[in-house]
Number of protein chains: 2
Amino acid sequence: MAMYVVGHKIPDSDSICGAIALAYLKNQIGEAAVPTRLGDVSPETQFILDRFGFDAPELKLSYAGEEVYIVDHTEKTQAPDDIDEATIVGVVDHHKLGDLTTSTPLECWIRPVGCSNTIIKMMYDFYNVEIPKDIAGLMLCAILSDTVIFKSPTCTTADIKCVEALAEIAGVADAKELGMDMFKVKSAVEGTPARDLVMRDFKDFNMNGKLVGIGQLEVIDLSVFDDIKADLEADIAKLKEEGGRHSVLLLLTDIMKEGSQMLIASDDESIIETAYKVTPEQSSVWLDGVLSRKKQVVPPLQDAFA
Amino acid sequence: MAMYVVGHKIPDSDSICGAIALAYLKNQIGEAAVPTRLGDVSPETQFILDRFGFDAPELKLSYAGEEVYIVDHTEKTQAPDDIDEATIVGVVDHHKLGDLTTSTPLECWIRPVGCSNTIIKMMYDFYNVEIPKDIAGLMLCAILSDTVIFKSPTCTTADIKCVEALAEIAGVADAKELGMDMFKVKSAVEGTPARDLVMRDFKDFNMNGKLVGIGQLEVIDLSVFDDIKADLEADIAKLKEEGGRHSVLLLLTDIMKEGSQMLIASDDESIIETAYKVTPEQSSVWLDGVLSRKKQVVPPLQDAFA
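- If you check an unreviewed UniProt entry, chain A appears there as inorganic diphosphatase from Pseudoalteromonas aurantia.
- The heading Cofactor (unreviewed entry) in the UniProt record of chain A holds the text "Mn(2+)".
- Quoted verbatim from the Catalytic activity (unreviewed entry) field of the UniProt record, the comment on chain A reads "diphosphate + H2O = 2 phosphate + H(+)".

## A word on the overall build of chain A
1) Next: The number of helices and strands found in chain A is 10 helices and 11 strands.
2) Next: A globule of 306 residues ought to have a C-alpha radius of gyration of about 19 Å, and chain A, at 19 Å, matches this closely.
3) Next: Principal-axis analysis of the C-alpha atoms places the extent of chain A at approximately 55 × 45 × 35 Å.
4) Next: Each of the 306 residues in chain A was classed as buried or not, and the buried ones make up 59%.
5) Next: Taking all contacts inside chain A whose residues are at least 6 apart in sequence as the whole, residues at least 24 apart take part in 62%.
6) Next: A total of about 11,800 Å² of accessible surface is found on chain A, and carbon and sulfur atoms cover 47% of it.

## Details of the interface of chain A and chain B
1) Next: Each partner contributes residues to the interface: chain A has 24 residues there, and chain B has 24 residues.
2) Next: Both faces combined, the contact of chain A with chain B buries some 2,100 Å², and carbon together with sulfur accounts for 66% of it.
3) Next: Among the residues chain A hides against chain B, the three largest losses belong to A:Leu97, A:Pro105 and A:Arg111. Together they make up 28% of the total.
4) Next: The interface formed by chain A and chain B holds 0 salt bridges in total.

## Section: the domain arrangement of chain A
Residue and element names in this part refer to chain A.
1) Next: Once the domains are mapped, chain A shows domain 1 (3-184) and domain 2 (194-305).
2) Next: On the domain 2 side, the residues contacting the 19 residues of domain 1 number 19 residues.
3) Next: With both chains or domains summed, domain 1 and domain 2 bury close to 1,900 Å², and 63% of this area falls on carbon and sulfur atoms.
4) Next: Our count for the domain 1 to domain 2 interface comes out at 1 salt bridge.
5) Next: Here Lys151 ties to Glu258 by a salt bridge, and the two come within 3.7 Å at their closest N and O atoms.
6) Next: Where domain 1 meets domain 2, there are 4 residue pairs in polar contact (both at pLDDT 80 or more).

## Looking at the sheet that holds strand S3 (residues 58-59) of chain A
Within a sheet, neighbouring strands are paired by backbone hydrogen bonds and run either parallel or antiparallel to one another.
1) Next: Spatially, S3(A)-S2(A)-S1(A)-S4(A)-S5(A)-S6(A)-S6(B)-S5(B)-S4(B)-S1(B)-S2(B)-S3(B) is the arrangement adopted by the 12 strands of the open sheet, whose pairing is mixed. Two strands bound the open sheet, and with one partner strand each, they are S3 of chain A together with strand S3 (58-59) of chain B.
2) Next: Looking at chain direction, strand S1 (residues 3-6) of chain A and strand S4 (residues 67-71) of chain A are connected through 3 bridges and run parallel. The residue of S4(A) that forms the bridge with A:Val6 is A:Ile70.
3) Next: On top of the sheet, helix H1 (residues 13-28) of chain B reaches strand S1 (3-6), strand S2 (33-37), strand S4 (67-71), strand S5 (87-93) and strand S6 (107-110) of chain B; it is set at about 170° to S2(B), its chief contact.

## What to know about the nonpolar core
1) Next: Formed by 50 residues in total, the largest nonpolar core has its most connected members in B:Val5, B:Leu22, B:Val92, B:Tyr124 and B:Leu140.
2) Next: Contributions of two or more residues to this core are made by S1, H1, helix H2 (43-52), S4, helix H3 (116-127), helix H4 (133-146), helix H5 (157-170) and helix H6 (175-187) of chain B.
3) Next: Among the elements that make up this core, the one with the highest residue count is H4(B) (9 residues).
4) Next: If sequence neighbours within four positions are ignored, B:Leu22 has contacts with B:Val5, B:Tyr69, B:Val71, B:Val92, B:Ile120 and B:Met123.
5) Next: Membership of the second largest hydrophobic core comes to 49 residues, among which are A:Val71, A:Ile120, A:Ala170 and A:Val172.

## Regarding the pairing of strand S10 (residues 259-266) of chain B
Residues and elements named next belong to chain B.
1) Next: A large share of S10 lies buried, amounting to 8 of its 8 residues.
2) Next: Taking every second residue as pointing to the same face, both faces of S10 are buried, with Gly259, Gln261, Leu263 and Ala265 on one and Ser260, Met262, Ile264 and Ser266 on the other.
3) Next: Sheet topology note: the strand S9 (residues 247-254)/S10 ladder contains 8 bridges and is antiparallel. For Ser247, the partnering residue across the bridge sits in S10 and is Ser266.
4) Next: What sits between S9 and S10 in their antiparallel hairpin is a turn of 4 residues, with Glu258 showing a positive phi close to 60°.
5) Next: Direction of pairing for S10 relative to strand S11 (residues 284-288): antiparallel, over a ladder of 5 bridges. Among the inter-strand pairings, Leu263 is bridged to a residue of S11, identified as Ser284.

## Things to note about the packing of aromatic side chains
1) Next: In this structure the tally under the stated criterion is 8 aromatic pairs over all chains.
2) Next: A ring pair is formed by A:Trp109 and A:Tyr127, whose centres lie 6.4 Å apart and whose planes are at 50°; its orientation type is tilted. One end of the pair, A:Trp109, is in strand S6 (residues 107-110); the other, A:Tyr127, is in helix H3 (residues 116-127), with 18 residues separating them in the sequence.
3) Next: For A:Trp109, a relative accessible area of 4% gives the class buried.
4) Next: Judged by relative accessible area, which is 26%, A:Tyr127 ranks as partly exposed.
5) Next: An aromatic cluster is present here, built from A:Trp109, A:Phe126 and A:Tyr127 joined pairwise through their rings.
6) Next: A cation sits over an aromatic face here: B:Lys60 above B:Tyr63, 5.2 Å from the ring centre.

## Notes on helix H8 (residues 229-242) of chain B
All names here are of chain B.
1) Next: For H8, spanning 14 residues, the distance from its first C-alpha to its last is 20 Å, which sits close to the expected 20 Å at 1.5 Å a residue.
2) Next: Taken residue by residue, H8 has Leu232, Asp235, Ile236, Leu239 and Lys240 as its buried positions. Within H8, the buried residues cover an arc of 140° as seen down the axis, which keeps them to one side. Turned more than 90 degrees away from the buried face of H8, the exposed residues are Ala230, Lys238 and Glu241.

## As for the pairing of strand S8 (residues 210-219) of chain A
Regular strands place side chains that alternate from one sheet face to the opposite one.
Residues and elements named next belong to chain A.
1) Next: In terms of residue burial, S8 counts as a mostly covered element, since 8 of its 10 residues are buried.
2) Next: Where strand S7 (residues 202-207) lies against S8, 6 bridges are found, and the strand directions are antiparallel. When the bridges of S8 are listed, Lys203 appears paired with Ile214.
3) Next: Connecting S7 to the antiparallel partner S8 that follows it, the hairpin turn spans 2 residues, and Asn208 within it adopts a positive phi of roughly 50°.
4) Next: Where S8 lies against strand S9 (residues 247-254), 8 bridges are found, and the strand directions are parallel. When the sheet's bridge partners are listed, Gly215 is paired in S9 with Leu250.
5) Next: You can see the chain leave S8, run along helix H8 (residues 229-242) and come back into S9, and the turn it takes is right-handed.

The rules behind these values
Counting restarts for each chain: residues are numbered from 1 in the order of the written sequence. For this description, chains carry letters from A and ligands carry numbers from 1, given in the order in which they are written. In keeping with the predicted nature of the model, local features appear solely for residues at pLDDT of at least 70, side-chain atom pairs appear and are counted solely at 80 or more, and the whole-chain, interface and lining totals rest on all residues. The basis for every side-chain value is the complete set of non-hydrogen atoms in the structure, without hydrogens or water. UniProt positions are given in the numbering used here, feature names are shortened, and annotations may be inferred rather than shown by experiment. Put simply, DSSP marks the helices as runs of H or I at least four residues long and the strands as runs of E at least two long, and each gets a number from the N terminus on. Atoms considered for the radius of gyration are the C-alpha atoms alone. The globule rule reads 2.2 Å times the number of residues to the power 0.38. For the exposure calls, accessible area comes from a 1.4 Å probe over protein chains only, and a residue counts as buried if that area is under 20% of its type's maximum, exposed if over 50%, partly exposed in between. For this analysis, residues touch if any pair of their heavy atoms sits within 4.5 Å. Surface exposure here means Shrake-Rupley accessible area, sampled with a 1.4 Å probe, where a residue is shielded only by the protein chains that are shown. Each of two parts loses accessible area, computed with a 1.4 Å probe, when they are put together; buried area is these two losses added. In the sections that follow, a salt bridge refers to a side-chain nitrogen of Lys or Arg positioned within 4 Å of a carboxyl oxygen of Asp or Glu. In this entry, domain limits derive from an automatic or database-based domain assignment. Two N or O atoms form a polar contact when they lie within 3.5 Å of each other; inside protein one atom must be a possible hydrogen donor and the other a possible acceptor, and for residues adjacent in sequence the pair counts only when both atoms belong to side chains. We treat two strands as partners when DSSP finds at least two bridges between them. To obtain each axis, a line is fitted to C-alpha atoms, and for helices this fit is confined to the stretch in contact; angles are then taken between N-to-C directions over 0 to 180 degrees. By convention a nonpolar core is built from buried Ala, Val, Leu, Ile, Met, Phe, Trp, Tyr and Cys residues, the set being connected through side-chain atoms within 4.5 Å. Here the aromatic set is Phe, Tyr and Trp, taking the six-membered ring for Trp, and pairing holds for ring centres within 6.5 Å; pairs whose planes are under 30 degrees apart are stacked, those over 60 apart are edge-to-face, and all others are tilted. A ring has a charge above it when a Lys NZ or an Arg CZ is no more than 6 Å from the ring centre and no more than 35 degrees off the ring normal. Each helix should span, by expectation, one fewer than its residue count multiplied by 1.5 Å. Relevant arc is that of directions from the helix axis to the C-beta atoms, nothing else. Here the term right-handed applies to a crossover when the path leading from its first strand over the helix to its second strand runs clockwise, the strands being oriented away from the viewer.

Next comes the structure, spelled out in structure tokens:
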């Protein structure tokens with residue numbers, strides 16, 4: 001029986017590229033594996049797949065009775081809906097330890113680095129398997145995406161060294177330039193419906209019993225949002241109601257200015273003030289230096305809810 | 001600030017030896033670490049410490065405000081009582097994924113092998129740190145203990161290879177003979193109070209909301225229990241009541257005959273029949289071929305409770 005290698009819901013480039021890279025590695029060491037995905041491929045990820053000549057992994061939502069290797073999270077809210085009926089054989093992740101549990105022993109490759117693909121590179125090294133040129137390209141781009149071209153506070157020296165090694169394998173002369181090309185694609189938001197933008201990189205978190213959704217859009221210049229900000233605000237308010245959420249937050253991240261504007265739809269806006277020591281105006285606030293949802297947005301909010 | 005490296009409550013040899021071995025490794029790579037323990041050292045573990053010239057790690061029960069590296073489990077019931085007020089910086093484990101969660105990224109070295117110390121050996125290899133002779137001896141004994149000298153179904157080729165490598169470093173000519181010496185010490189149960197025996201290797205599990213305690217005593221010949229079985233039966237019944245547990249099970253494991261007698265104190269004995277397809281008589285049952293609590297006792301019981 002082949003295992004399925006799958007990232008989180010609303011897959012980002014780390015989830016998609018990681019599933020492909022890890023499934024290839026598993027097949028090389030004699031464990032049959034198929035990469036899959038839990039949702040649509042983002043324009044950024046599509047750019048990466050096209051650049052290195054890959055099709056998107058198969059869309060597969062149900063895993064009951066199957067063996068699953070989880071990429072890029074350990075959270076039930078981000079896993080397949082029927083994950084409790086599957087057997088989790090492994091996890092590769094770089095986030096806090098979430099609420100997934102298993103009834104059998106498994107392998108977990110979890111490290112406090114900037115990207116799951118940095119850990120997958122460690123796995124290739126551990127098993128002494130050569131990384132094909134095109135897969136090195138996928139992994140490289142996933143790391144550039146997750147670390148915001150090394151600018152994110154989540155970025156570690158392990159990530160930077162990994163990108164250097166992968167760029168050499170992939171034959172990419174200037175990794176940072178490739179990263180900028182990727183973020184330019186990511187910045188093209190015009191003409192996309194508000195809901196699609198909000199959901200492009202959206203994660204739900206259980207914060208002390210309250211459901212909090214946090215979306216993030218990383219662009220090269222926030223001016224791309226000038227004409228659609230009202231639509232985004234209306235949509236996150238709607239999304240909050242639809243999902244019975246306590247809050248929906250949308251981070252508009254300017255990767256050049258290195259900060260994020262947070263749009264807020266919340267049952268209790270004061271929790272934002274408690275978490276980040278800033279006062280929202282018109283349900284919006286500028287968070288200077290904030291690039292990372294995982295490291296700079298989620299932990300203070302979790303503390304505020306605790 | 002030094003991190004504390006600590007195994008589970010009612011520490012076994014894997015928890016104690018693993019804490020010492022991992023703390024040494026962490027110090028070698030520039031991360032200050034102190035091994036600690038959550039309970040008394042068993043006669044088996046004391047034999048190992050004496051054999052290789054170590055003192056027991058410091059007994060430390062409270063970790064609020066500290067950094068903690070967890071060894072040999074991911075279960076809240078087996079962790080320090082105030083673990084929620086500590087920062088878990090890492091986990092090394094070989095069991096199913098339990099209910100511990102964190103609010104920050106961490107490292108997890110979890111593998112489906114027979115012993116945490118086999119994984120700690122992988123960590124030494126990863127960081128390219130030489131294992132001192134005496135620490136290799138501790139690690140070696142922990143693996144022989146957890147794998148019941150390679151007889152347990154939890155034992156993998158990784159464990160066997162690891163013992164071979166560690167025996168060479170430790171200068172142990174015959175690892176299996178050392179293992180038998182260790183199990184002879186473990187088999188000396190006469191004169192020890194029943195409660196001490198029951199608690200010697202005892203773990204609580206949350207099974208679908210019910211608390212189930214499972215103890216295990218591994219000996220070379222079950223006849224050592226002939227005169228004290230009634231005391232053990234009375235004690236597990238008492239332990240069940242004291243802790244508000246659904247069941248307390250005590251495995252008397254014969255490592256030469258390769259099977260376990262299970263003594264049962266339960267609110268509903270039929271769950272044992274459901275789990276293991278055998279009918280208890282006088283609250284006791286022989287489980288042929290059963291050596292591993294983790295692999296052969298816990299999963300079927302968890303399924304029966306689900």
